[in-house]
Amino acid sequence: MCYNVAKQEKQPKGGESVAQNRVMSLEKAAVMLPALLQEDTEVPLVVTGSSMTPFLRDGRDTVFLRGIRFQEPRVGDILYFLRRDGVTPILHRIRSINSDGSYVVNGDAQTWTERVEPGQALAVAARVSRDGGEPVSLRRMDKRVMAAVWSWLLPVRPACFRVAGLLHRIRRRE
């Protein structure tokens, strides 16, 4: 599994900003991204995996991460963190924030939650781009309402996915 990371860097001549795309292994991304997130900038990351379906799609969406010290996480935000192994990066939505500063998170395609310690949290997804389109803020009202409604639907998500799969199969037959 690879992550495509693009970082804005200054050219020596003229000072214009140029995006440099790099494809990194999971292990290299786990080492490089924390350093990049220490800067007050957004770091684009191509989404891989299906745990955030339907809101983030594998290989199709790019999230723009802001270091946790530059954007305070709130309930409903998408948190970028490392699993307890210190290597596996994950994007999951914050369902609640505990009094000790830990986060209760889950993927939009999942029905279980997990606890993330403050030291595991590295960034918050500030914006998202679908299919290379213009990035939009994930804190826009429409995005927050959709996330809240989806959160309330946690107990019936499996049924939602079954219905969506059935509709997809019917549509493909036509």
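Residues numbered from 1 in each chain as written. Predicted model: local features only at pLDDT ≥ 70, side-chain atom pairs only at ≥ 80, totals over all residues. Heavy atoms only, no water.

A. How the structure looks around the pattern of salt bridges. Under the criterion given, the structure shown has 11 salt bridges. With its nearest N and O atoms 3.1 Å apart, the salt bridge here joins Arg 144 to Asp 77. In this pair, Arg 144 is assigned in helix α2 (residues 141-152) and Asp 77 in the loop between β4 (61-67) and β5 (78-82), connecting sequence segments 67 residues apart. On the basis of relative accessibility, which here comes to 2%, the residue Asp 77 falls in the buried class. Arg 115 serves as the salt-bridge partner of Glu 117, at 2.9 Å between the closest nitrogen and oxygen. The partly exposed category is assigned to Glu 117, whose relative accessible area is 27%. For Arg 115, a relative accessible area of 37% puts it in the partly exposed group. (Salt bridge = Lys/Arg side-chain N within 4 Å of Asp/Glu carboxyl O. Helix = DSSP H or I, 4+ residues; strand = E, 2+ residues; numbered from the N terminus. Buried < 20%, exposed > 50% of the residue type's maximum accessible area, 1.4 Å probe, protein only.)

B. Main features of unusual backbone geometry. With omega at 10°, the peptide bond leading from Thr 53 into Pro 54 counts as cis. Mapped onto the elements, Pro 54 comes out in the loop between β3 (42-46) and β4. Here the phi dihedral of Asp 131 falls at roughly 55°; this positive angle occurs in a residue that is not glycine. Tracing the chain through its elements places Asp 131 in the loop between β9 (121-130) and β10 (136-137).

C. Up close: a nonpolar patch on the surface. A grouping of Met 141, Val 145, Val 149 and Trp 152 is seen on the molecular surface, where their side chains present a nonpolar patch of about 470 Å² in accessible area. One can find Trp 152 in helix α2. We classify Trp 152 as exposed; its relative accessible area is 65%. (Patch = residues over 30% accessible without salt bridge, like charges linked within 9 Å, V, L, I, M, F, W, Y side chains within 5 Å. Areas by Shrake-Rupley, 256 points an atom, 1.4 Å probe, with all protein chains shown as cover.)

D. Region of interest: the environment of Gly 101. Counting through the fold element by element, Gly 101 comes out in the loop between β6 (89-97) and β7 (103-106). The class for Gly 101 is partly exposed, based on a relative accessible area of 24%. Sequence-wise, Gly 101 and Pro 118 are 17 residues apart; in three dimensions their C-alpha atoms are separated by 6.0 Å.

E. Structural detail: the pairing of β7. Residue alternation in β7 divides its side chains into two sets, Tyr 103 and Val 105 and Val 104 and Asn 106, and both sets are buried. Here four bridges tie β6 to β7, and the two strands are oriented antiparallel to one another. Following the sheet pairing, Ile 94 is matched in β7 by Val 105. Turn length for the β6-β7 hairpin, with the two strands adjacent in sequence and antiparallel, is five residues, and the turn residue Gly 101 shows positive phi of about 90°. (Pairing = 2+ DSSP bridges.)

F. Just the nonpolar core, in detail. Judged by nonpolar contacts, the single largest core of 19 residues is most densely connected at Leu 56, Val 63, Leu 65, Tyr 80 and Leu 91. Of all the secondary-structure elements, those providing two or more residues to this core are α1 (26-36), β3, β4, β5 and β9. For this core, the element with the highest residue contribution is β9, accounting for four residues. The residues touching Leu 91, leaving out its near neighbours within four places in the chain, are Leu 45, Val 47, Ser 51, Met 52, Leu 56, Val 63, Leu 65, Ile 78, Leu 79 and Tyr 80. Ranked by size, the runner-up nonpolar core spans nine residues in total, among them Phe 81, Ile 94, Tyr 103 and Val 105. (Core = buried A, V, L, I, M, F, W, Y, C linked by side-chain atoms within 4.5 Å. Contact = heavy atoms within 4.5 Å.)

Such coordinate-based values are descriptive only and should not be taken to indicate function.
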